[in-house]
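# Architecture at a glance
Residues per chain are reported as follows:
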Amino acid sequence: MKTFLATLLVVVSTSYACLASTRLVEPRLVLQKQEAGSRPRVALTLDACGGTTDERILSTLIDNNIPATIFVTARWLKRNGAVFAILKARSDLFEIENHGAMHVPTVDRPASIYGIAAAGSTQAVEAEVAGGAAAIAAQGVAPHWFRGATAKYSLSSIGQIRRMGFRIAGYSVNGDGGSLLGASVAEKRIAAAKDGDVIIAHINQPAHAAGDGVVRGILDLKVKGFAFVRLDDAMEDGSDDTIN
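Everything numeric in this text was worked out from a predicted model, so none of it was measured.

### Thoughts on the packing of helix 7 (residues 183-191) against helix 8 (residues 210-223)
Their axes nearest at 7 Å, the elements helix 7 and helix 8 cross at an angle of 30 degrees. As summarised for this structure, helix 7 and helix 8 are arranged roughly parallel, according to the angle between their axes. Between helix 7 and helix 8 the crossing geometry is right-handed. Contacts between helix 7 and helix 8 involve A183, S184, A186, E187, I190 and A191 on the former and, on the latter, A210, D212, G213, V214, R216, G217, I218, D220 and L221. Class assignment for the residues of the contact of helix 7 with helix 8 results in eight nonpolar, three polar and four charged.

Below you can see the structure in the form of structure tokens.
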């Protein structure tokens, strides 16, 4: 009986270890808590995955002097050089970070995430992360945060990306559902942000209704008295060993 129980324990432990090693995580990131009575603040992070630029969002940020962290891919950069120049020139507002080379999920085993094929190997993860960083560095900016396509990772790919020198940007508020939400829902999600939240939304879908909601949600927070900070302007707490 003891032998059977010992064998069963080994099997269960091995199965759990296998599941833990293969599961995907979507890391959470928040700003560290402030002293009581401080002005509430959020970090607005915007992904530029591909395509063009949502001028509704960009002009709102510039006109209202609202800081944001922009995660750009190499393929977006190829089509939006003039916009990148604006982001770079307004370094008082915009922090430019790495969203990868080709917007491939940085998972080091074969997987399909929201219908997108993952990198599938450590070599392909490295190519995606390093390719995005190289494209940004070629424009005179040195990124040190990374957010992968779909914002999902294997635990082993998180370790690999961290060893490449990048902190991994999770989030706590999904503002626009991959730019697929309606304007009113996106506005409500962003406007409901709390002190310390890290908001994710998209700045590369000018034809989507979600962009109007992103703009309205940002302005709602401004009216409420929120401060906006870039990731490099604050201290953060992240899950899944993504920043520590």
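We are not done yet, so read on.
### Thoughts on the confidence of the model for the protein chain
Mean pLDDT over the protein chain: 93, with 91% of residues reaching 70 or higher. Confidence over residues 4-20 falls short of pLDDT 50; this stretch has one contact with residues more than four positions distant or in other chains.

### Topic: the pattern of salt bridges
A complete count under the given rule lists eight salt bridges for this structure. The partner of E26 in a salt bridge is K152, with the nearest N and O atoms 3.0 Å apart. Within this pair, whereas E26 is found in the loop between strand 1 (24-25) and strand 2 (29-31), its partner K152 is found in the loop between strand 8 (145-146) and strand 9 (153-154), the two being separated by 126 residues in sequence. Its relative accessible area of 19% is what places K152 among the buried residues. A salt bridge links D92 to R90; the nearest nitrogen and oxygen atoms lie 2.8 Å apart. For D92, a relative accessible area of 46% gives the class partly exposed. Residue classification places R90 among the partly exposed positions, given a relative accessible area of 23%.

### Observations concerning the layout of surface pockets
Each pocket or cavity is described by its volume, and for the largest pocket that value is around 440 Å³. For the largest pocket, the lining is made up of 23 residues, of which H103, Y114, T150, G178 and H202 are closest to its centre. Of the residues that constitute the lining of the largest pocket, the class distribution is eight nonpolar, 12 polar and three charged.

How each quantity is defined
Residues numbered from 1 in each chain as written. Predicted model: local features only at pLDDT ≥ 70, side-chain atom pairs only at ≥ 80, totals over all residues. Heavy atoms only, no water. Axes fitted to C-alpha atoms, helices over the stretch in contact; angles between N-to-C directions. Helix = DSSP H or I, 4+ residues; strand = E, 2+ residues; numbered from the N terminus. Parallel < 35°, antiparallel > 145°, perpendicular 65-115°, else oblique. Left-handed = near helix turned anticlockwise from the far one by under 90°. Contact = heavy atoms within 4.5 Å. Nonpolar A, V, L, I, M, F, W, Y, C, P; charged D, E, K, R; others polar. pLDDT = per-residue confidence, 0-100. Salt bridge = Lys/Arg side-chain N within 4 Å of Asp/Glu carboxyl O. Buried < 20%, exposed > 50% of the residue type's maximum accessible area, 1.4 Å probe, protein only. 1 Å grid on protein atoms, 1.4 Å probe; cavity = no way out; pocket = protein on both sides within 12 Å on 5 of 7 lines; lining within 4 Å. Points joined across faces, edges and corners; volume = space filled by probe spheres on them.

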